[in-house]
Amino acid sequence: MNIQAAIEALQAADIDVDLNAASVKSKSRDFFWYSPVLKDRLDHVVADFVATPQTEAQVIDILRTCYAHDVPVTTRGTGTGNYGQAMPLAGGCVLHLHKMNAVKEIAPGRVVVEPGCLLKDLDAACIADSGQEVRMFSSTWATATIGGFIAGGSGGVGSVRWGALRDPGNIIRLRVVTMEEEPRVLDISGDDLHRVSHAYGTNGIITEIEIPLAPAYDWIGVFVAFDSFDEALQYSYDLASCDGILIKLATVFEAPIAKDYFQRIAPHVTQGDALVALMVAPHGMPGWETFTAGYAARPIYRSDKSDWRKDPGHVFEYGWNHTTLRALKVDPSITYLQIAYGTDDPVALARKMRDELSPECLQHIEVMRQNGRIAMAGLTLVKFQSEARLDEIIALHEANGAMNFNPHRYTLEEGGRQAVDARQLDFKREADPKGLLNPGKMISWDDPDYSFDQMYAWPGLQAKPAA
Ligand code: FAD
């Protein structure tokens, strides 16, 4: 690796290169610290420099130069990933894409956009152009990029209607630059999308994204309180199953999450209240009222008719991983799990795990759709005791048939299905022959026979400085 030669070549080519130690350090961090396990392993990791391209041609220049000088490249949107996806484990170059943020084309049902566009800016552009909106976004809508969501995220607000990002139809096309002596630009669609979406930038840099759009609504945020978690869970499942009522979010919080961690909601709930957060289309509200009257539900807030003294803000900023963030702010010993309760009987499985683990673990459930069926994802809050106990809790979920997407691991496989993804590996062999893109994040590249029986420790990880 010849960092100095790469920097000089990039500066000579008029690429914006940042060498300021404080800003390089800050661009070398994401939300890995959500996990005490990752915090222990990755806190010291730092890149050597940050390169900021303004165009795809500059991305190509940077990749060509880094390839020539064997410099690792870790791509960055805005660094809100919480699996350490954007942490430059081997140092080298952080490729910061925030200046490639143009919305290039909006047509009925689809948009073409550069990767550095913030989700909120993309939504605003589509609404202003033709009353359309992105189908789904991470709850980091205000701060995260569309490129980071596609390369590092999984689903979010809208997934209760549209499913996960990986589901067919939720991405139309990706344009990708390879990391070779002479980088190639490839347009990828269809089944090949699986090679590069949710690949943490390990096998290509996404420079253009085409995704579908839906009609935009002025969504109404709602909070509904329940005496019991079981009632809240069943209500949410039934509501998401009710095809005539258009919703964009259905999130369930076990008590006392709302009382203890949601400052602006706390005055309106009791310690025993379970809470459901919803986003309902305005024309769906009469149907929602009729539906809700059939349950022991207490609507406590709706954004279009609120008399709360303090505005709680966007309802979706209580859900997905914002729940963890809010809990962490009150109790820094909290961490979390990412669990899939599946589609067979997610209500029964989530209840079972709750009965076995509450209050050490508090259930936070996101209702999703999967191939026409209702699925549930658990972003369960955990009172952290030790790594060993965390592993036990995860093993207990797996023993009960709940799938674990371990957020306490920095590799694609361990944060995914704990198996080699042959399509992503094959594409890396083709698109990144020297293994310079986000090194250390794809186990199968380094050790195709890895057994997954313990946490993977990438041998190339920067050494911790002596204490
Ligand atoms: P980054 O963190 O900068 O990057 C993410 C990954 O993508 C990295 O591996 C990076 O190398 C790679 N990457 C970025 N851009 C490119 C590119 N152009 N080409 C190739 N690779 C690229 N995630 C969800 O899925 N749903 C949620 O609802 C959600 N809620 C969250 C809430 C909070 C409070 C936090 C902290 C995180 C949440 N996340 C969620 C995780 C994360 O915010 C999202 O995945 C987000 O969209 C990432 O965008 P980013 O711009 O921050 O990407």
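Predicted model, so just to flag it, every value in this text is computed and none were measured.

Asks: Explain the overall build of the chain residue by residue, including any values.
Replies: Within the chain one finds 16 helices and 21 strands. Here the C-alpha radius of gyration of the chain, 22 Å, is about what a compact globule of 467 residues would show, namely 23 Å. For the chain, the C-alpha atoms occupy an extent of roughly 70 × 50 × 40 Å along the three principal directions. Counting contacts in the chain only where the partners sit at least 6 residues apart, residues at least 24 apart contribute 73% of the total.

Asks: Requested: an account of the sheet that holds strand E17 (residues 361–362), with residues and values cited.
Replies: Spatial strand order, E15-E20-E17: 3 strands in an open sheet with antiparallel pairing. Both edges of this open sheet fall to strand E15 (334–336) and E17, since each of them pairs with a single strand only. Of the strands in this sheet, E15 and strand E20 (381–383) are in contact with helix H12 (residues 320–330), which crosses E15 at around 165°.

Asks: Could you give an account of the state of the cysteines, with specific residues and numbers?
Replies: The tally for this structure, following the rule as stated, stands at 0 disulfides. Its sulfur unpaired, cysteine 126 is 8.2 Å from the next cysteine sulfur, which belongs to cysteine 117. Classification of cysteine 126 as buried rests on a relative accessible area of 0%.

Asks: Give me the pattern of salt bridges: which residues, what numbers.
Replies: With the rule as written, the count across this model stands at 39 salt bridges. Notably, a salt bridge pairs aspartate 43 with lysine 39, separated by 3.2 Å at the nearest N-O pair. A residue is classified by how much of its surface remains accessible, and aspartate 43, at 27% relative accessible area, is partly exposed. Overlapping salt bridges bring together Glu56, Lys104, Glu105, Arg110, Arg173, Arg175, Asp187, Glu208 and Glu210 as one network.

Asks: Describe the sheet that holds strand E19 (residues 373–378), naming the residues involved and giving the relevant values.
Replies: The antiparallel open sheet is built from 8 strands, whose spatial order is E14-E11-E13-E12-E18-E19-E16-E21. Looking at the sheet topology across the chains shown, the edges are occupied by strand E14 (298–302) and strand E21 (403–404). Looking at chain direction, strand E12 (residues 247–253) and strand E13 (residues 274–280) are connected through 6 bridges and run antiparallel. Note that in E13 the partner of isoleucine 247 across the bridge is valine 280. Sheet contacts for helix H11 (residues 285–292): strand E11 (220–226), E13 and E14; angle to E14, the most-contacted strand, approximately 155°.

Asks: I'd like to hear about the domain arrangement of the chain, residue by residue, with values.
Replies: Here the chain is partitioned into domain 1 (3–98), domain 2 (103–216) and domain 3 (220–404). The centre of domain 1, based on its C-alpha atoms, is set 36 Å off from the matching centre of domain 3. Taken together, the 10 residues of domain 1 in the interface contact 10 residues of domain 3. Roughly 780 Å² is buried in total at the junction of domain 1 and domain 3, and carbon and sulfur atoms are behind 58% of that figure. On the domain 1 side of the interface with domain 3, the three residues burying the most area are Tyr34, Pro36 and Val37, jointly 61% of the side's total. The interface formed by domain 1 and domain 3 holds 1 salt bridge in total. Between glutamate 387 and arginine 41 there is a salt bridge, with the nearest N and O atoms lying 2.9 Å from each other. At the boundary of domain 1 with domain 3, the tally comes to 6 residue pairs in polar contact (both at pLDDT 80 or more). Of the residues contributing to the side of domain 1 that touches domain 3, the split by class is 6 nonpolar, 2 polar and 2 charged.

Asks: Provide a residue-level description of the environment of proline 465, including the pertinent values.
Replies: Its place among the elements puts proline 465 in the segment after helix H16 (443–446). For proline 465, a relative accessible area of 60% puts it in the exposed group. In this structure the C-alpha to C-alpha distance between proline 465 and valine 382, which are 83 residues apart in sequence, comes to 30 Å.

Asks: Lay out unusual backbone geometry in plain terms, naming residues and giving numbers.
Replies: A negative phi angle is the norm for most residues apart from glycine, just as the trans form is the norm for most peptide bonds. In the segment running from alanine 255 into proline 256, the intervening peptide bond is cis, with an omega of 0°. The topology assignment puts proline 256 in the loop between E12 and helix H10 (257–261). In this model, serine 358 is joined to proline 359 through a cis peptide bond whose omega is 5°. At tyrosine 200, a residue that is not glycine, the phi angle is positive and equals roughly 55°. Mapping tyrosine 200 onto the fold places it in the loop between helix H8 (193–196) and strand E10 (205–215).

Asks: Tell me about the side chain of serine 35, and please be specific about residues and values.
Replies: Within the element layout of this structure, serine 35 appears in the loop between helix H2 (21–27) and helix H3 (36–42). With a relative accessible area of 0%, serine 35 lands in the buried category. Of the polar contacts made by the side chain of serine 35, one reaches the backbone nitrogen of valine 37; its length is 3.1 Å. Ignoring any residue separated from it by four or fewer positions in sequence, one finds serine 35 in contact with Thr335, Pro407 and His408.

The rules behind each value
Residues numbered from 1 in each chain as written. Predicted model: local features only at pLDDT ≥ 70, side-chain atom pairs only at ≥ 80, totals over all residues. Heavy atoms only, no water. Helix = DSSP H or I, 4+ residues; strand = E, 2+ residues; numbered from the N terminus. Rg over C-alpha atoms; globule rule 2.2 N^0.38 Å. Contact = heavy atoms within 4.5 Å. Pairing = 2+ DSSP bridges. Axes fitted to C-alpha atoms, helices over the stretch in contact; angles between N-to-C directions. Disulfide = S-S within 2.5 Å. Buried < 20%, exposed > 50% of the residue type's maximum accessible area, 1.4 Å probe, protein only. Salt bridge = Lys/Arg side-chain N within 4 Å of Asp/Glu carboxyl O. Domains from an automatic or database assignment. Buried area = accessible area lost by both parts, 1.4 Å probe. Polar contact = N/O pair within 3.5 Å; in protein donor to acceptor, adjacent residues only side chain to side chain. Nonpolar A, V, L, I, M, F, W, Y, C, P; charged D, E, K, R; others polar.

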